[in-house]
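The primary structure of each chain is shown beneath.
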Amino acid sequence: MIRENQRRFQFDWTIIVIYLLLVAFGYLNIMSASHTGEVTNYFDTSELYGKQIAFIGISFVLIILILSVEAKFYERFASVIYVVAILSLIGLFIFGKDVNGARSWYGIGSMTIQPSEFAKFAAALAVAKYISDIETNMKTIESQLKAVALIVFPSILILLQNDAGSTLVYASFFFVFYREGLQQVYLIIAISLVALAVLSLKFGIVITLLIAAVIVFSIYFFRRKKRASLIQSITILIVCTVFAYGVKLFYEHGLKEHQQNRISIWLRLEKDPEKLERMKKVEAYNLIQSEQAIGSGGTFGKGFMQGTRTTGKFVPEQDTDYIFSTVGEEWGFLGSSAVIILFVILIARVLYLSENQKSQFSRVYGYAVAAILFIHFTINIGMVMGLVPTVGIPLPFFSYGGSGLLGFTILLFIFIKLDSNKINEW
Amino acid sequence: MRKLLLLSMVVLVGLMFIGRLFYLQIYNSKAYDIFEDNAIRTVYTYPKRGYVYDRNGELLVANKPSYDVMVIPREVEPLDTLEFCSLLKITKEKFIETYKKARNYSPRLPYVFLSNLSKEDYAVLQEKMRKYDGFYIQKRSIRTYQKSIGANVLGDIGEVNQAILNKQPYYTKGDLIGKQGVEITYEETLRGVKGIRFIQKDRFNRDIGAFEYGRNDIPTEPGKDITITIDSKLQEYGELLMKNKRGGIVAIEPSTGEILAMISGPSYDPNLLVGRNRSKNFNKLYNDSLAQPLFDRGLQAMYPPGSPFKTINALIGLQEGVVTTDDRFSCAMGYRYGNRKMGCHAHRSPVNMNLGIYESCNAYFANVYRRIMDKYDTAAQGMDNWSKHVKSFGLGNYLNNDLSVGQPGKIPNVETYNRAYGENKWYTTFTISNAIGQGEVLTTPIQLANMSATIANRGFYYTPHIIKKIESDTIPSKFTTPNYTTIDKQHFEPVVEGMFDVYNKGTAKSVQVSGIEICGKTGTAENYAIIEGKKTQLTDHSIFVAFAPKDNPKIAIAVFIENGYFGSRFAGKMASLMIEKYLKNDITRVDLETWILKHTLEHEYEKPYSGEPFGINRQTTLEVIDDKEFEELIALKAKIDAK
C-alpha cells in the first residue's frame, strides 16, 4: 500500500511547477495582448483570455486522465495513436477549413481544432516505439530510413496544408536520431549545408565556395593518416557548388515572395532603399513592431496591462505567435529573462530525466519532447527578437490557442507519466 | 558527446536570447518617455492667456487669434511644392529649409512650419489645406496691446527657445512664453496650465480612446488676469514727455511701493513685437546699439546719483549725532582738503543744513561726510558704518522685486577701497566724492525713486513692485511688508523741509506748481563714454528726485535725462509735470509742458558720434523740433487729455 502511494506521487514536480508557471504567465500576457476595454471578468469567454482559461481547465482534466492511465498504454497504443493522427491530417483535405490560406483546422461549431498540434506527440510516440524495438538499429541505413519515413509522412501532409512552420518542427527529430545512433557524418553534413546555404545567400556563391575549397583542401592536406582521396575532395566541392547554386535558385524562384523577403530581412540582403522601405511596411512590419515593443520595456517593463504598444495592438498576432513581445514590453528584461530561464530549465530537466530512463521507449520519447520544445522555443522567441527568419509557430504553453496548449500538455505529461513509472521497469 | 548535443544547444540558445534581450531592452533602449511613445498621441489644449489691466481697471493687454501652418513630417505625402509655396507666399528654398528643420526636430511631432498667417491668407489657405497631407492650420492666440505704451513694462511673448525647452519640461517646441516685462515675471500666472490628453493609438494611427482611461491626463487651467500698478494715463503722459530724449522716469506710490509709471526713452510700440514680423522688428530694436530701445533705463541704467544723494548723508549725519541742523560750515566756492578743492557755486555762507540742501552746497556735505567718517578711529570703521546706513535705503543691491530686469547699482564699502588702495592705506579724503553722490556711488532711477519714497515715508519703504492684483490670488507678502531704514523717524523732518525749500527758494524754484507742496532735489551727474577708443566726457545727465505732497505723499518720482545738463533744465520740469498730472490730472504749468515737448536732445546724442569736435554743458545749445512734429505731439497730448 505504501509503495503504491509513493509511486502514485512520484511525478516530477519540477516540470509540473514550471509548466504551471508558464501557463499562468502565458494567460496573463494573453489577457494584456487581447483585451478590448477594461477587464472586469477574468473568465469572460467572449474574450480570448476567457477562452484560454477554459482551455487551461480542459488541460487539467486531460492531465489527470493521462496520469491515471497505465504507463504501458502509451507504448502499446503508440501505433494506433499515430495512425489516428495521420488520418486526421488526411481528413483535413476533405473536411478542413481554410484559415489565412492554411487548411489546418477542423471546424466544429464555433470551435476549431488543429490536428497538426496533436500529430507532434503522436509522431514522438511512434518514433519512440520504432526505435525502442529490438530489431531497430539506428546505425543502419534501413532503420534510419524507416524512422525518417515516420516523420516525413506527417510533415509532408502538413506542408501540403500550407503550414510550413509546423513542418519545420519535425526537423527536431534529427536530435533524437542522433542521440540514438545516427552517424556523426550526418551532423557534419547538416551543419555544413546550413552554413553553405546561409553563407552563399549572404556573401554570394563565389566567396562561399572559396571558403569551402580552403576548408576541404586543408582537411585533405592535414589528415595524412586517413587521407581522403583527391577525387573525394573534388566531389565534395562539386556537391557544394551544385548545392549553393541550388539554394540560390530555390531562393530566387522556388520561394514565394513573402518567404523570400523574410529571409532577405533576416540576413539583411536588401540593398535597394525603396524596396527596403516597402518591406518594412509588409514583411518586416511585425518584426519591427515586436522589437520596438520589447525594447520599450526596458529593464523592469511597463507593468501588467500597461504596455502602450500592446494596448494599441501594434504588434500583429501578439496573443499567439508574438506573445513574447508582450512579455518584453510589460515585464521588461527581468520578466523576459525569467521566461527564457524557465524554458531552459524545463528542457534541460526533460533531457536529464530522459537519460535516466530505464526503458528505451521512455528515453526516446523524452528526447523527442525536449527536441520539439527546443525547436518551438528557439524559432518562436528567435523570430520575435529578429534572430531567426519569420516562421509562424507558437510558443509552447504561452501562445493563445486551444489545440496548441492541449497538444503540448499531452506531449509533456505523457513523459511525466512514463518517468513516474521508471521504478517499475526492470 | 551524443548526450550533450541538445543540452548544450538549449543552454546556448538561452544565453543568446538573454544577450539579445539585454541588447534590445537595456543597451539599446532609452528611458521610457510617454511623449516619445509612438503609440500615444499627445493632444495639447492651450488655455486663454491672462489679461493685463492697469491700476484703474483699464485693459492693457488682451489676446487675438493667430493661425500657424503646422507640419508632421512623417505624414507628408509628395506634393506640388511650387503651388504650395505660392499659397504660403514663401520661396522653395525656405520650404526645403523649414521642412528639413522640422524633420530633424522630429518626424512625428507637429512643427510650426509658418507662423502667424494674416487673416486673409488664412481664409484662402483653410480651404486648400486638406489637399496637403501632413500639413494643417493651428489656431493660437497671441497678444494684442490696446495702447501703444509701456513696452518695457508689459513685455511680450514669443516662441520658447531651446535653452528653456531643455530646462523646463512643461514647454514644448512652438509654445509661447513671456520674453520681457510682466509677461516674463508673471509667466506662470498668465499662461495657466495647458491641458494634455494622452490618446492611445492603434497601429493604423487611429485613436482608440484615452490612454489608461485618462489617468495621466492634465486638465487645462486658464491663465489668470492680473492688474498691474501702472497708471496707464500717467505712463502715457510720461512717454509723451520723454519723446526725443533718452532717460528714465520711475514714479512710486510711497504708501504702498506700487510703481505708478515706469518710462524708458526711447520706447517703441509693443505691437511691433506681435505676429509675423516679431523677429524682424525685434532684431531691429536689438541691434540699435546707440539708442538701445530694449534697454530699460528706468531699471537698468546705473548713473552716479549726484546731489539727491546728499539727503542721505544729511540723514546719516543726524542719526549718528555728528551734526545738528544748526551746525554751520563756511563755503568759499568749494571745499578744500589738502591741496585739493571740491568746487561749489556761488551762494550765501556759512551754511546750515536747510541751506545746504536747498542750495545743494558741496562744501556743507563734504564737512558732514567727514564728520560721519571721523566719528570712528579708522576710516574703515567709518566707511563700514556709513555703507550700512546707505544700503538700508535699498541702494547698492537688487530690489528683489517683480520686474524682469534690474541692476544692483553700487554703494562702496571697506572692501571697495581696500581693493583699490590696500588695507589701511586710505583715508576719508580719498572717498570724499561720496559726500555729493559722485565717486563710487551708482544708482538706478528706480532706486532713486525708492529713496525718494523712503524719505516721503519718513523712514521706511515698501519694495517697489508692479503687481497690484492677481485674479483669485494674493500678491506676495514681501510687497506688503515695510522695510525700515537705520535712520530714526524724527531726523527726516529737517531733510524734508530742506527738500521742500528746494522748490520754495532753491534750485527748483523755477518749476514750482501752485497748489502742490512738492519736495525735491536736483542733481547733475558727470558722465563719460568711450568714443573711438577714447574716454570722452559728455554733457551732464539731468537728474531730479521728488515727492508730493509734502505731508501724506502720494507720489515719489525720479527722473533721469541723459545729457540734459543741470537738474532743473529737463528732469525737474518733467518731474513737476508728472506730479501735477498725477495729482491734479490737469496741467497748469503749460509753459513747462510746451517747453519739454518742443525741446529735443537728439542733436546732443548725435554730436559725439559726428566725428566733429563738440562742446559740453555750458557750450551746448538747446534745440527745438520742427512745427510739424510739434503739432503731432500736441495732437497726441490732446488725445491723452481727452480720456
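The preceding data block contains the structure.
Residues numbered from 1 in each chain as written. Chains lettered and ligands numbered in written order. Predicted model: local features only at pLDDT ≥ 70, side-chain atom pairs only at ≥ 80, totals over all residues. Heavy atoms only, no water.

**Some remarks on the overall build of chain B**
When helices and strands are counted, chain B shows 22 helices and 22 strands. Taking all 643 residues of chain B together, 55% fall into the buried category. Once local pairs closer than 6 in sequence are excluded, the contacts in chain B between residues at least 24 apart make up 71%. (Helix = DSSP H or I, 4+ residues; strand = E, 2+ residues; numbered from the N terminus. Buried < 20%, exposed > 50% of the residue type's maximum accessible area, 1.4 Å probe, protein only. Contact = heavy atoms within 4.5 Å.)

**Notes on the interface of chain B and chain A**
Each partner contributes to the interface: chain B provides 34 residues, whereas chain A provides 52 residues. Buried area between chain B and chain A, summed over both chains or domains, comes out near 3600 Å², and the portion from carbon and sulfur atoms is 69%. Area buried by chain B at its contact with chain A is led by B:R2, B:F17 and B:R203, which between them contribute 21% of it. Applying the counting rule to chain B against chain A returns 1 salt bridge. Note that B:R20 is salt-bridged to A:E291, the shortest N-O span being 2.7 Å. No other element matches the 16 residues that helix 1 (residues 4-27) of chain B contributes to the side of chain B that touches chain A. (Buried area = accessible area lost by both parts, 1.4 Å probe. Salt bridge = Lys/Arg side-chain N within 4 Å of Asp/Glu carboxyl O.)

**As for the pattern of salt bridges**
All names here are of chain B. Evaluation of the coordinates by the stated rule reveals 41 salt bridges over all chains. A salt bridge links E183 to R49; the shortest N-O distance between them is 3.0 Å. Taken as a pair, E183 in helix 7 (residues 181-185) and R49 in the loop between strand 1 (40-45) and strand 2 (52-53) lie far apart in primary sequence, 134 residues in all. Judged on exposure class, the residue E183 and its partner R49 are both buried. Residues K637 and D641 are paired through a salt bridge, measuring 2.8 Å at the closest nitrogen-oxygen approach. Of this pair, K637 and D641 both sit in helix 22 (residues 627-642), 4 residues apart, which is roughly one turn of that helix. Where salt bridges share partners, they join R49, R143, E183 and E187 into one cluster.

**Here we look at the sheet that holds strand 1 of chain B**
Residues and elements named next belong to chain B. Read from one edge to the other, the open sheet built from 3 strands follows the order 1-8-9, with strand pairing classed as antiparallel. Edge positions in the open sheet fall to strand 1 and strand 9 (207-210), since each of these has one partner strand only. Averaged over all pairs of adjacent strands, the angle between strand axes in this sheet comes to 35 degrees, irrespective of strand direction. Here strand 8 (residues 195-201) pairs with strand 9 via 2 bridges, running antiparallel. Note that in strand 9 the partner of K201 across the bridge is D207. (Pairing = 2+ DSSP bridges. Axes fitted to C-alpha atoms, helices over the stretch in contact; angles between N-to-C directions.)

**Comments concerning the sheet that holds strand 12 (residues 258-265) of chain B**
Residues and elements named next belong to chain B. The strand order across the open sheet built from 5 strands is 12-11-20-19-18, with neighbouring strands paired in antiparallel fashion. Looking at strand neighbours, the two that pair on one side only are strand 12 and strand 18 (519-531), the edges of this open sheet. On average, adjacent strands in this sheet sit at an angle of 10 degrees to one another, irrespective of strand direction. Where strand 18 meets strand 19 (residues 534-548), 12 bridges bridge the pair, whose relative direction is antiparallel. Bridge assignment links Y528 to a residue of strand 19, and that residue is Q537. Against the sheet, helix 9 (residues 232-242) contacts strand 11 (247-253), strand 12 and strand 20 (555-561), and its axis sits at roughly 25 degrees relative to strand 12.

**What to know about the packing of helix 5 (residues 78-95) of chain A against helix 6 (residues 115-132) of chain A**
All names here are of chain A. Contact pair helix 5 / helix 6: the axes reach a minimum separation of 8 Å and the direction vectors enclose 145 degrees. Judged by the sense of rotation from one axis to the other, the crossing of helix 5 with helix 6 is left-handed. Here A78, S79, I81, Y82, A85, S88, L89 and L92 of helix 5 come into contact with helix 6, specifically with P115, S116, A119, F121, A122, A123, L125, A126 and K129. Residue composition of the contact of helix 5 with helix 6, by class: 13 nonpolar, 3 polar and 1 charged. (Left-handed = near helix turned anticlockwise from the far one by under 90°. Nonpolar A, V, L, I, M, F, W, Y, C, P; charged D, E, K, R; others polar.)

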